[in-house]
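# Coordinate inspection notes
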Amino acid sequence: MSEKEDKNDFLPSEKVEEMNSSKVVIPESNIIEEIPPRNNEENKKITIVYFVMEIIFAALALFFVISTVAGLYLDIIAFIMGFLILSFGLVTTYLFIFKLSVNKRLTAFIVRFILIAVVLPILIIGIEEGPYNFYETVFNVPFFLIIYSLWSQFLLKIFLLFVKKPIKDSLFRKAIAGSPSELEWRKYDAISGLLAIITGIFALDFFWVIYHVFIRKALMEKAKRRLLVESLEFDEEINLTPVSLELGLTLEEVIFILKQMSLKRELTLEFTRYGAILKEIRKPKWFTSVMKEKYDTFVRLQKLSKIELKALRFFDLAERGRILATDFKKAMGIKEDFLIDDLILILPHKVIDIRKVAFSKKRWISFNLEQILLRKERIIKAFVENSSKIFE
C-alpha cells in the first residue's frame, strides 16, 4: 500500500468535518474569569453577618441583664428588649444550623458559650441580690426569652460540631430516587432533623437525642434487614454482589447481616460461593407482603413442576403403545374415584382410545403416538389445568 493511500485512509469524513466546524471553542482564560468562586464569597458574607448579629445579641443581652440587676427595670422596655433579643437569638441559631460553613461552627459555638458563661452568673447574682425576689425574676417573660435565646437548639449545635458535613447531608436528607436504601432509610435522617427543630423550639432537645441515637439506629437496622430479606428468593441462588450494590451496602456487611440472622434462627439460609439460597423464613416479622407474594409464587411453581413431571410420565407410557387402565392410573398417580373415560374429554381429540377386551373386565388404553407428538404442549396444559380433578 502506497503512502498516499495510507493518508487517505485517515482522512475525516464530511460528517466529522461538519461536526468539528460547528464546535464552539472557549478560551481557558475566559472560563476562569466567568466562573467566580461564589460559594466562598457567600460563606464569607454569611460568616460576617452571623458574627455581627452575635455581637449585637451579646450586647443586648448583657445590657438588659445588667440594667435589670441594677434596678433600672421597666415593664415596657423589658418586653421590647426581651423580644428583640429573642429575634436576634433565633436568627443566629438559624444561621448556625443551616447556613454557617462547617469549619466555622466551633468558633461560633465558643462565642455563644462565652456569652452564656457571662450572662448566667450575672442573672444568678441579680436573683440573689437584686430588688426582685426569685419568682418575679425567673418567671418573668423577658428573662425567660433571654434564657431561651441563649440555649436555643444547644444540643443540636453540639451534635453538629462532631459532624463534618453540611446540615443537608447529615439531617434533613431528602429521600431521592435511587437505590432502595436511599428511599428507605434516608427518610429517618429527615425525620430526625424535623424532630430536632421541633423539640428545640420547645426546649425538649433531649427527646430528639433519644430518637437520633437509639430509635433511628434501630429503625435503620430493621430496614436493612427487611430489604436484604426481600432481595432473596425461595430455593434459588441469589448473587449477593448486585444486592450489595443495589442497597448501597458493602458485600461484607450484607454477608454479616445474613449470617447473623441465620445464627439467630430468623432465617434458614444455604450459603454458596457467590450468594445465598433462602430455604425458610422462621420469624414472622420478616414474612412481609413482598415475601408472601414470593412464597406463593414459589409454592405455585413447585406444584406446577410436579404436575409437569406427571405429564411427562404420560409421554413415557405412550411409547408402549397401550397399557392397562389400572396400571396407567397407578403410574400416573391418578385418583381412584376419577373415571378413566373422563380423560378422553380432558385430553385433545384422538390422543388416546379406551377399549374393553371381550370376556374380560380389564380395560386398555391405546395411544396415538403421532397425535401425541403433534399436541405435546396442549396435553401438558390439559393436565396442569385439571390437576385438582385428576391427581391425588
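In case you missed it, the structure is sitting above this.
Let me sum up the structure you'll find in this document. Once a new chain begins, its residue numbering starts again from 1 and follows that chain's sequence as written. Selection of residues for local features in this predicted model requires a pLDDT of at least 70, selection of side-chain atom pairs for listing and counting requires 80 or more, and totals for whole chains, interfaces and linings are taken over all residues. The side-chain numbers reported here are obtained from all heavy atoms of the structure, hydrogens and water having been left aside.

### Some points on the pattern of salt bridges
Salt bridges are identified by distance alone: a Lys or Arg side-chain nitrogen within 4 Å of an Asp or Glu carboxyl oxygen. The final tally for this structure, using the stated rule, is 14 salt bridges. The salt bridge involving K224 is made with E253; its shortest N-O contact spans 3.1 Å. Separated by 29 residues along the polypeptide, K224 in helix 13 (residues 205-230) and E253 in helix 15 (residues 251-263) bring together distant segments of the chain. For every residue, the accessible area obtained with a 1.4 Å probe (protein chains only) is divided by the maximum for its type, and the residue is called buried under 20%, exposed over 50%, and partly exposed between those limits. Residue K224 is classed as buried on the basis of its relative accessible area, which comes to 13%. Judged by relative accessible area, which is 26%, E253 ranks as partly exposed. Taken together, the salt bridges that share partners define one network made up of E221, K224, R225 and E253. Helix and strand assignments come from DSSP, with helices taken as H or I runs of at least 4 residues and strands as E runs of at least 2, each series counted from the N terminus.

### Some thoughts on the sheet that holds strand 4 (residues 322-324)
Overall, antiparallel pairing links the three strands, which are arranged 4-6-5 in an open sheet. Two strands close off the open sheet at either side, each with one partner strand: strand 4 and strand 5 (352-356). Each strand of the sheet is rotated relative to its neighbour by a mean of 25°, with strand direction disregarded. Strand direction decides the pairing type here: strand 4 and strand 6 (residues 363-367), joined by three bridges, are antiparallel. Two strands qualify as a pair provided DSSP detects at least 2 bridges between them. For helices, the fitted axis covers only the stretch in contact; all axes are lines through C-alpha atoms, and the angles between them, taken along N-to-C directions, range from 0 to 180 degrees.

### Overview of the sheet that holds strand 2 (residues 267-271)
Reading across from one edge, 1-3-2 is the order of the three strands in this open sheet, with antiparallel pairing throughout. Among the strands making up the open sheet, the edge pair consists of strand 1 (237-239) and strand 2. Pairs of neighbouring strands in the sheet enclose a mean axial angle of 35°, with direction left out of account. Running at roughly 50° to strand 1, helix 14 (residues 240-247) makes contact with strand 1 and strand 3 (275-281) of the sheet. Pairs of residues are marked as contacts when any of their non-hydrogen atoms sit within 4.5 Å.

### Brief notes about helix 17 (residues 325-332)
Listed as buried for helix 17 are A325, F328, K329 and M332. Projected down its long axis, helix 17 carries its buried residues within an arc of 100°, all on one side. Relative to its buried face, helix 17 has exposed residues pointing more than 90 degrees away, namely T326 and K330. In this fold, the buried residues of helix 17 make contact with helix 16 (289-318), strand 4, helix 18 (342-346), strand 6 and helix 20 (376-385). Immediately beyond the C-terminal end of helix 17, within one or two residues, lies G333, with a positive phi of roughly 75°. Summarising the geometry, the arc corresponds to the directions from the helix axis toward the C-beta atoms.

### Notes on the pairing of strand 5
Note: strand 5 against strand 6, five bridges, orientation antiparallel. Within strand 6, the position partnered with D353 by the bridge is S366. The hairpin turn running from strand 5 into strand 6, its antiparallel successor, is six residues long, and F359 in that turn takes a positive phi close to 60°.

### Focus on the layout of surface pockets
Here a cavity means grid points, on a 1 Å grid over the protein atoms only, where a 1.4 Å probe fits yet cannot get out; a pocket means an open set of points with protein on both sides within 12 Å along at least five of seven lines; lining residues are those with an atom within 4 Å of a point. Grid points are joined across faces, edges and corners, and a volume is the space filled by probe spheres set on the points. By volume, the largest pocket is sized at about 370 Å³. F98, K99, L100, P166 and K168 are, among the 16 residues lining the largest pocket, the residues nearest its centre. Breaking the lining of the largest pocket down by element, the ones donating at least two residues are helix 4 (38-69), helix 5 (75-99) and helix 10 (167-170). In terms of residue class, the lining of the largest pocket is made up of nine nonpolar, three polar and four charged. One number sums up the size of the second largest pocket: a volume of about 300 Å³. Lining the second largest pocket are 17 residues; nearest its centre among them are A325, T326, K329, K330 and E336. Top element by residues in the lining of the second largest pocket is helix 17. It accounts for four residues. Amino acids outside the nonpolar list (Ala, Val, Leu, Ile, Met, Phe, Trp, Tyr, Cys, Pro) and the charged list (Asp, Glu, Lys, Arg) are all regarded as polar, and Gly is one of them.

### Comments concerning the packing of aromatic side chains
Working definition: a ring pair exists when centres of Phe, Tyr or Trp rings (six-membered ring for Trp) sit within 6.5 Å. Plane angles under 30 degrees give stacked, over 60 give edge-to-face, the rest tilted. The final tally for this structure, using the stated rule, is 18 aromatic pairs. Residues F287 and Y295 carry aromatic rings whose centres are separated by 5.8 Å and whose planes lie at 70° to one another, so their mutual orientation is edge-to-face. Using a relative accessible area of 34% as the deciding quantity, one classes F287 as partly exposed. The partly exposed category is assigned to Y295, whose relative accessible area is 35%. Three or more aromatic residues joined by ring pairs form one cluster here, namely F314, F315, F328, F367, F383 and F391. Charges are assigned to positions over rings by a cutoff of 6 Å between ring centre and Lys NZ or Arg CZ, combined with an angular limit of 35 degrees from the ring normal. Note that K157 overlies the ring of F96, its terminal NZ or CZ placed 5.4 Å from the centroid.

### Quick look at the nonpolar core
Nonpolar side chains tend to gather and get buried jointly when the protein is soluble and globular. Nine residue types can take part in a nonpolar core, namely buried Ala, Val, Leu, Ile, Met, Phe, Trp, Tyr and Cys, and a core is a set of them joined through side-chain atoms within 4.5 Å. By size, the foremost hydrophobic cluster in this structure holds 30 residues, and its most contacted members are F96, V119, I146, L150 and L156. Of all elements in the fold, only helix 4, helix 5, helix 6 (105-129), helix 8 (141-151) and helix 9 (154-161) reach the threshold of two or more residues within this core. At eight residues, the largest contribution of residues to this core is made by helix 4. If we ignore the near neighbours within four places in the chain, the residues touching L150 are F57, R112, L115, I116 and V119.

### Here we look at the pairing of strand 2
Bridging between strand 2 and strand 3 involves five bridges; their strand directions are antiparallel. Within the sheet, the bridge partner assigned to E270 lies in strand 3 and is I277. Connecting the antiparallel pair strand 2 and strand 3 is a turn made up of three residues.

### With respect to unusual backbone geometry
Backbone geometry at A203 places phi at a positive 55°, although glycine is not the residue there. Structurally, the position occupied by A203 is in the loop between helix 12 (187-201) and helix 13. Despite not being glycine, R265 has its phi angle at roughly 60°, a positive value. The residue R265 is located in the loop between helix 15 and strand 2 in this model.

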